[in-house]
Amino acid sequence: VSIPWNRLLAERTAWIRPSLLVDFERLPSSADLILFSGGAPPLECLPVERIAGALAEAWHAEPEALWYGESQGHEPLRVLIAERMRQRGAAVEPDEVIITNGSQQGIDLIARLLLEPGDRVIVEAPTYFGALQVFEPFDARISTVPVDEHGMVIEALERELASAPRPKLIYTVPTFQNPTGVTLDPERRAALVALAERYGVPIVEDDPYGELWFDRPPPPPLRALHPDVLYLGTFSKTLAPGLRIGWLVAPRRLMKLLVDAKEGADIQADRLLQRALARVLEGAWFERHLEAARANYRERCALLLRCLERELAGLATWTAPGGGFFVWGTLPDGVDTDALLVECARQGVAYIPGSAFYPDRAPRPSFRLGFTTLSPAELEEGIARLGRAIRAAVQPSLA
Ligand SMILES: Cc1ncc(COP(=O)(O)O)c(C=O)c1O
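The model shown is predicted, which means the values in this text are computed figures rather than measured ones. (Residues numbered from 1 in each chain as written. Predicted model: local features only at pLDDT ≥ 70, side-chain atom pairs only at ≥ 80, totals over all residues. Heavy atoms only, no water.)

Ordered in space as β2-β9-β8-β7-β6-β3-β4-β5, the 8 strands form an open sheet in which the pairing is mixed. In this open sheet, the two edge strands, each paired with only one partner strand, are β2 (97-100) and β5 (151-152). Sheet topology note: the strand β4 (residues 141-148)/β5 ladder contains 2 bridges and is antiparallel. Bridging across to β5, V147 finds its partner in M152. Taken strand by strand, helix α8 (residues 252-266) contacts β2, β8 (230-234) and β9 (246-249), and its axis lies near 15° from that of β2. (Pairing = 2+ DSSP bridges. Helix = DSSP H or I, 4+ residues; strand = E, 2+ residues; numbered from the N terminus. Contact = heavy atoms within 4.5 Å. Axes fitted to C-alpha atoms, helices over the stretch in contact; angles between N-to-C directions.)

Following this line, the structure appears as structure tokens:
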């Protein structure tokens, strides 16, 4: 007798979706496809030596790391994280921090605490697809608020907040957003927090990129404006995504529930790594590492923007981010960047189509370009290829 899996699978599995509807493996490809799909630090910039050294130190000095313990996370690490957040203007105490397996887990823990089937969740349009992957299987109804070059459009947010049923949470990436790269400006930050308070709807602030600015630091996190903001941080972009260490800042009222939910999910974050990271954060090394990363990404982004200007002026528009990992391009209405991707792949270049970042996954004229993992030569050549593919598709007579 075989197991009738189709009958057994929970209804929510219909909502467990891949992060991308594009199957990069199935694109027509030349051997040297240049991928603008990356959203991580480049391999050659991962601080392997520093992390290996800190792990070795922790391994010898703190053998208790191999036990069970502290579901909320290693206290010295929480102290250092709270201190960094205070430097950015947010008055956070170590007992308001819980260490998570990446910020992705933070989104999941919040959803566990707050979402009933059918609850409304407000997200930006476009938004980070990994958040949709969390909310959708909780059977959330996703409402969207458009984003312009100053971030979430506040009038549209207010309309969503005022419409019934009252949303359960507002999920936002206000700083160097994934996927657009835009940053919510200070007036809108104040307006967003005031609206959330007026309607009694919590804000989830997902902030993986805030420390990776190019020329000047962004405005302080939303958490600096209100202690009820649920803040998500991570070392995935500043150090390495494979570490899977992030943190969630939450009001004390929620901490016991969050710690119990974390225990139920996976007991604790890696204790050895947490001890190693506490060593990595101490002293001046981390700040120097961030400075080098900022300079590196600033250069790559500036080069990408110059290439776009050269290849796509008049054909597309794009954002000019002040930090983070992504530029968002927009082609004329009616262009379908899911379909265009096939032509791009033939030319040897790929991006993530706009559709991936909207709950309805419908084709859009937009696309996301991640620039952090590509060398200057790859950025130049990749955008030249993109230009050829787009000219052929959008203005066939110019091809
Ligand atoms: C907005 C946003 N949130 C969360 C994540 C996931 O980060 P982590 O590796 O910390 O789980 C990412 C990674 O791309 C992201 O862009």
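The method is simple in principle: a probe with the dimensions of a water molecule rolls over the atoms, and the space it marks as empty is what remains. Throughout the structure, instances matching the rule amount to 2 cavities of 30 Å³ or more. The calculated volume of the largest cavity comes to roughly 100 Å³. Every residue lining the largest cavity is counted, 14 residues in all, and those nearest its centre are R88, D207, E211, Y231 and W247. Elements with a minimum of two residues in the lining of the largest cavity: α3 (75-87) and β8. A per-class count over the lining of the second largest cavity returns 6 nonpolar, 2 polar and 1 charged. (1 Å grid on protein atoms, 1.4 Å probe; cavity = no way out; pocket = protein on both sides within 12 Å on 5 of 7 lines; lining within 4 Å. Points joined across faces, edges and corners; volume = space filled by probe spheres on them. Nonpolar A, V, L, I, M, F, W, Y, C, P; charged D, E, K, R; others polar.)

On the surface, I3, W5, L8 and L9 cluster together into a nonpolar patch covering about 450 Å² of accessible area. Note that W5 resides in helix α1 (residues 5-8). For W5, a relative accessible area of 55% gives the class exposed. (Patch = residues over 30% accessible without salt bridge, like charges linked within 9 Å, V, L, I, M, F, W, Y side chains within 5 Å. Areas by Shrake-Rupley, 256 points an atom, 1.4 Å probe, with all protein chains shown as cover. Salt bridge = Lys/Arg side-chain N within 4 Å of Asp/Glu carboxyl O. Buried < 20%, exposed > 50% of the residue type's maximum accessible area, 1.4 Å probe, protein only.)

What follows is about the pairing of β8. The buried fraction of β8 is high, at 5 of 5 residues. Taking every second residue as pointing to the same face, both faces of β8 are buried, with L230, L232 and T234 on one and Y231 and G233 on the other. The pairing of strand β7 (residues 203-206) with β8 spans 3 bridges and is parallel. Paired with V204 across the strands is L230, a residue of β8. Pairing of β8 with β9, which is carried by 4 bridges, proceeds in the antiparallel orientation. What sits directly across from T234, in β9, is G246.

Of all residues adjacent to the ligand, which total 14 residues, the nearest are D206, Y209, T234, S236 and R244. Take T234: an N or O atom from its side chain is 2.6 Å from an oxygen atom of the ligand. Contacts to the ligand include K237, whose side-chain N or O atom sits 2.7 Å from an oxygen atom. For the ligand, the accessible surface in isolation is 400 Å², of which the surrounding protein chains cover 92%. (Near = heavy atom within 4 Å. Polar contact = N/O pair within 3.5 Å; in protein donor to acceptor, adjacent residues only side chain to side chain.)

Alternating positions in β2 separate into two faces, V97 and I99 on one and I98 and T100 on the other, with burial throughout. Taken together, the 4 bridges between β2 and β9 define a ladder with antiparallel strand orientation. Paired with T100 across the two strands is G246, which belongs to β9.

Once that is clear, we can look at the packing of aromatic side chains. Two numbers describe a pair of aromatic rings. These are the distance of the centres and the angle of the planes. Counted under the stated rule, the structure contains 13 aromatic pairs. Centroid distance F325 to F326: 6.3 Å. Interplanar angle 65°. Geometry classified as edge-to-face. The same class applies to F325 and to F326, which are both buried. Linked through ring pairs, Y128, F129, W328 and F357 together constitute an aromatic cluster. Positioned above the aromatic ring of W285, the side-chain terminus of R50 is 6.0 Å from the ring centre. Between R364 and the ring centre of Y358, over which it is positioned, the NZ or CZ distance is 3.7 Å. (Phe/Tyr/Trp six-rings, centres within 6.5 Å; stacked < 30°, edge-to-face > 60°. Lys NZ or Arg CZ within 6 Å of the ring centre and 35° of its normal.)

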